[in-house]
Amino acid sequence: MMILPNSEQMRQIDQCAINEFKIPGIVLMENAGAGTVHLMERLLGSAANKHFPIFIGPGNNGGDGLVIARHLHQGNAVPLLVFLIEPERLKGDSATNLAIVEKLGLKTLICSSSSSLHEISQTIDHLSVTHGPPGALVDSIFGTGLDRSVEGHFAEAIELINELSRVRGIPVIAVDTPSGLGSDSGTVLGCCIKAWTTATYGYAKVGQVLPDNLPHVGDLNVIDIGIPPEVLGRVQVNIAAIDQHDLFELSNSLKRPANSHKGNYGHLLILGGSPGKTGAALLAARGAIRSGCGLVSICAPSGLNLIYESALAEAMTVVVKSPDYLTIDDRETILEHLADKTCVVIGPGTGQQRETAELVLFLYEQLTIPMVIDADALNILARRKKDIGAPSGPRILTPHPGEMARLLGVTTKQVQADRRAALQSCYDEFKTPDSELIIILKGSASLTTGGEMVWLNRTGNPAMAAGGMGDVLSGLVGSFICQGMKPVDASRYGVYLHGCCGDDLQTRTGAGFSASDLADELPTVLGNIMRGYDENRA
């Protein structure tokens, strides 16, 4: 897995490497700067005879920039040190590296106020006469510890860097993180660098992998600075994303023996659909079937059975006596047919009638098998919190931000303002001592938690903002549970693959693909992962 430490955890990781493993901080800084120069040469070619304006801010990020300058100098490049602070403000390892570059006599500008910023463009123009345009602009102003709005001449310098990059086509290299980006929240703190690539140190950070921040982060590259892997045994990091190792694990979990039969891969029962909303249940069934579930049945009100029978040949139906909606009166028929089921999906298109709500609450409490709870079933839980009994088996709640807001009694805006806090609040509110609970908060960078870890999803795109996508996901998660995955793995991998399908479709067609199209893309994406074709996705 790709762990995603926050700024405090990253500070603890650094301190653990320094204090417990006796790796001097200046060694980590040296590795960071040298690794960044190696990355620049790999992406941009030889740095020799090119000039590189390097913007130096306070703290260790500025020290990283000084190491970069020294290594560029050693490679016959011409670094231009643009200090946005008085150099004597640098302390510790940064001050040590300042003393080194001062001995080298590198070209320097001190622009510690707005009035001196005009010198930057003038000096770049002068150097460009003899060395051509800058090879890159290096942003080492602020690091991952930034927690305040960028103001004053720092903000003006960031805007200048962005303008030079935009007008002159100069790539920007962000050192550790784009200056102005909140590495924990992913929010822009006043203004922010728009990097061509970001060289981040040790581990990626949460704010850097959020899709909305791609214009600021650019191509994200993680630089190994020599932090021992044993450090992670001493510093707890509880948020991660799927990486290549996880895909290998997923591939292994989906391998099928030669003598397999449909009974080996579970039987999913879908409780969904009502007049005008039969498509929701059908899409959940389609997602399950196309992702490899052994058997899929739809629980059909008697008046809707013909629709299900004719729409999806691979799905079976369990017909109940209620004509239009699944209700508490259908309880005995449903319980009878649950005897051989592996998992239940409930909620897509069920409606929220009182009798339907009674059925949802009864099954939520009574069923011992895993239940994937979506759509109308989530809204019923939100309305009837006081009537919810302790569940008898694993429960997977799959709200989008609006449904999450109703579950928590807050606004959608509040959910979106701090999605991780909303996820944790929902888990805390619905968790009971003796049953497993998984929460999937859908949306851009969907979040999944089973209590201990939070999984941030890096796949998916805005073209998936269309009706029925969540229904397919519910069927996909239920399918993976039926195929033997633990509920938390079925959830995080289901979200990941759901997004992969959307990404592939967007690449081929742009926006306009449907939820059915996405479900039908599942076998191709799964096949690619099984064959190892998707190693670059992580």
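Just above sits the structure.
Please read these numbers as outputs of a predicted model, since none were measured by experiment.

### Points about the overall build of the protein chain
Line of reasoning, step 1. The helix and strand inventory of the protein chain stands at 20 helices and 18 strands.
Line of reasoning, step 2. Projected onto the principal axes, the alpha-carbon positions of the protein chain cover approximately 85 × 45 × 40 Å.
Line of reasoning, step 3. The burial tally for the protein chain puts 57% of its 538 residues in the buried class.
Line of reasoning, step 4. Expressed as a percentage of contacts within the protein chain between residues at least 6 apart in sequence, the contacts between residues at least 24 apart total 73%.
Line of reasoning, step 5. Carbon and sulfur atoms make up 50% of the accessible area of the protein chain, which totals about 21700 Å².
Line of reasoning, step 6. With 42 positive and 57 negative side-chain charges, the protein chain shows a spacing of 1 Å between the two charge centroids.

### Brief notes about the side chain of S140
Line of reasoning, step 1. Tracing the chain through its elements places S140 in strand 5 (residues 137-140).
Line of reasoning, step 2. At 2.7 Å, the side chain of S140 and the backbone oxygen of F55 are in polar contact.
Line of reasoning, step 3. Residues contacting S140, with those up to four places away along its chain left out, are I54, F55, I56, G57, N61, G62, G65 and V175.

### A few points about empty space enclosed by the protein
Line of reasoning, step 1. Taken as a whole, this structure holds one cavity of 30 Å³ or more when the rule is applied.
Line of reasoning, step 2. In this structure, the largest cavity spans a volume of roughly 40 Å³.
Line of reasoning, step 3. Of the residues contributing to the lining of the largest cavity, the split by class is five nonpolar, three polar and two charged.

### Digging into the packing of aromatic side chains
Line of reasoning, step 1. Summed over the entire model, instances satisfying the criterion amount to one aromatic pair.
Line of reasoning, step 2. In this arrangement the basic side chain of R395 is found over the ring face of Y364, its NZ or CZ atom lying 5.6 Å from the centre.
Line of reasoning, step 3. R492 extends its terminal NZ or CZ atom over the ring of W455, reaching a point 3.9 Å from the ring centre.

### Notes on the packing of helix 13 (residues 354-366) against helix 14 (residues 375-383)
Line of reasoning, step 1. With their axes 10 Å apart at the nearest point, helix 13 and helix 14 run at an angle of 85 degrees to one another. Relative to helix 14, the element helix 13 lies roughly perpendicular. Contacts between helix 13 and helix 14 involve T356, A357, V360, L361 and Y364 on the former and, on the latter, A377, I380, L381 and R383.
Line of reasoning, step 2. Of the residues assigned to the contact of helix 13 with helix 14, the class counts are seven nonpolar, one polar and one charged.

### Topic: the side chain of D471
Line of reasoning, step 1. Mapped onto the fold, D471 is located in helix 18 (residues 469-482).
Line of reasoning, step 2. Buried within the structure, D471 lacks any salt-bridge partner; its nearest side chain of opposite charge belongs to K442, at an N-O separation of 6.7 Å.

### Quick word on the pairing of strand 5
In summary, the side chains of a regular strand alternate between the two faces of the sheet.
Line of reasoning, step 1. Taking every second residue as pointing to the same face, both faces of strand 5 are buried, with L137 and D139 on one and V138 and S140 on the other.
Line of reasoning, step 2. When strand 5 meets strand 6 (residues 172-175), the two strands line up parallel, connected through three bridges. Bridged to D139 within strand 6 is A174.
Line of reasoning, step 3. Running through helix 6 (residues 152-168), the crossover from strand 5 to the neighbouring parallel element strand 6 is right-handed.

### Some words on the pattern of salt bridges
Oppositely charged side chains are able to pair whenever their charged atoms sit close together.
Line of reasoning, step 1. Across all of its chains, the model carries 20 salt bridges by this definition.
Line of reasoning, step 2. Here R492 ties to D489 by a salt bridge, and the two come within 3.0 Å at their closest N and O atoms. Of the two residues, R492 and D489 are both situated in helix 19 (residues 487-509); the distance of three residues between them amounts to about one turn of the helix.
Line of reasoning, step 3. When its relative accessible area of 7% is taken as the criterion, R492 is described as buried.
Line of reasoning, step 4. On the basis of relative accessible area, D489 is assigned to the buried category, the value being 18%.
Line of reasoning, step 5. Each of D246, E249, D489 and R492 takes part in a single network of salt bridges with overlapping partners.

### Re the sheet that holds strand 8 (residues 219-223)
Line of reasoning, step 1. Here we have seven strands laid out as an open sheet, ordered 4-3-2-5-6-7-8, and parallel in their pairing. Both outer strands of the open sheet, strand 4 (107-110) and strand 8, are each paired with one neighbouring strand and no more. Taken over all neighbouring pairs, the strand axes of this sheet differ in orientation by 20 degrees on average, direction set aside.
Line of reasoning, step 2. Pairing analysis gives four bridges linking strand 3 (residues 78-83) to strand 4, with the strands arranged parallel. Counted as the bridge partner of V82 is L109 from strand 4.
Line of reasoning, step 3. Contacts from helix 3 (residues 59-74) reach strand 2 (51-56), strand 3, strand 5, strand 6 and strand 7 (197-201), with the element oriented near 165 degrees to strand 2.
Line of reasoning, step 4. Sitting on the sheet, helix 6 touches strand 2, strand 5 and strand 6, and the angle it makes with strand 5 is about 155 degrees.

### Quick word on the packing of helix 2 (residues 25-44) against helix 4 (residues 92-104)
Line of reasoning, step 1. At a minimum axis distance of 9 Å, the contact between helix 2 and helix 4 shows a crossing angle of 60 degrees. When the axis of helix 2 is compared with that of helix 4, the two are oblique. In this structure, helix 2 meets helix 4 at a crossing whose hand is right-handed. The residues of helix 4 that touch helix 2, namely those facing G25, I26, M29 and E30, are D93, S94, T96 and N97.
Line of reasoning, step 2. For the contact of helix 2 with helix 4, the per-class residue count stands at two nonpolar, four polar and two charged.

### Comments concerning the pairing of strand 6
Line of reasoning, step 1. Burial of the side chains of strand 6 extends over both faces: V172 and A174 are buried on one face and I173 and V175 on the other.
Line of reasoning, step 2. Where strand 6 and strand 7 come together, three bridges link them in parallel fashion. In the sheet register, V175 faces strand 7, and the bridge partner there is A199.

### Examining helix 13
Line of reasoning, step 1. Over its 13 residues, helix 13 extends 18 Å from the first C-alpha to the last, a length consistent with the 18 Å expected when each residue adds 1.5 Å.
Line of reasoning, step 2. Taken as a whole, helix 13 has its buried residues at T356, A357, L359, V360, L361, L363 and Y364.

### Remarks on the nonpolar core
Line of reasoning, step 1. With 69 residues, the main nonpolar core has I68, L72, L81 and I120 as its most contacted residues.
Line of reasoning, step 2. Take this core: its biggest share by element is seven residues, from helix 6.
Line of reasoning, step 3. Setting aside its immediate chain neighbours within four residues, I68 contacts G33, T36, V37, M40, I54, V138, V175 and Y201.
Line of reasoning, step 4. In terms of nonpolar packing, the next biggest core, distinct from the first, is built from 54 residues, C293, Y308, F480 and A490 among them.

Calculation notes
- Residues numbered from 1 in each chain as written.
- Predicted model: local features only at pLDDT ≥ 70, side-chain atom pairs only at ≥ 80, totals over all residues.
- Heavy atoms only, no water.
- Helix = DSSP H or I, 4+ residues; strand = E, 2+ residues; numbered from the N terminus.
- Buried < 20%, exposed > 50% of the residue type's maximum accessible area, 1.4 Å probe, protein only.
- Contact = heavy atoms within 4.5 Å.
- Areas by Shrake-Rupley, 256 points an atom, 1.4 Å probe, with all protein chains shown as cover.
- Lys, Arg positive; Asp, Glu negative; His and termini not counted.
- Charge placed at Lys NZ, Arg CZ, Asp CG, Glu CD.
- Polar contact = N/O pair within 3.5 Å; in protein donor to acceptor, adjacent residues only side chain to side chain.
- 1 Å grid on protein atoms, 1.4 Å probe; cavity = no way out; pocket = protein on both sides within 12 Å on 5 of 7 lines; lining within 4 Å.
- Points joined across faces, edges and corners; volume = space filled by probe spheres on them.
- Nonpolar A, V, L, I, M, F, W, Y, C, P; charged D, E, K, R; others polar.
- Phe/Tyr/Trp six-rings, centres within 6.5 Å; stacked < 30°, edge-to-face > 60°.
- Lys NZ or Arg CZ within 6 Å of the ring centre and 35° of its normal.
- Axes fitted to C-alpha atoms, helices over the stretch in contact; angles between N-to-C directions.
- Parallel < 35°, antiparallel > 145°, perpendicular 65-115°, else oblique.
- Salt bridge = Lys/Arg side-chain N within 4 Å of Asp/Glu carboxyl O.
- Pairing = 2+ DSSP bridges.
- Right-handed = clockwise from strand over helix to strand, strands pointing away.
- Left-handed = near helix turned anticlockwise from the far one by under 90°.
- Expected span 1.5 Å × (residues − 1).
- Core = buried A, V, L, I, M, F, W, Y, C linked by side-chain atoms within 4.5 Å.

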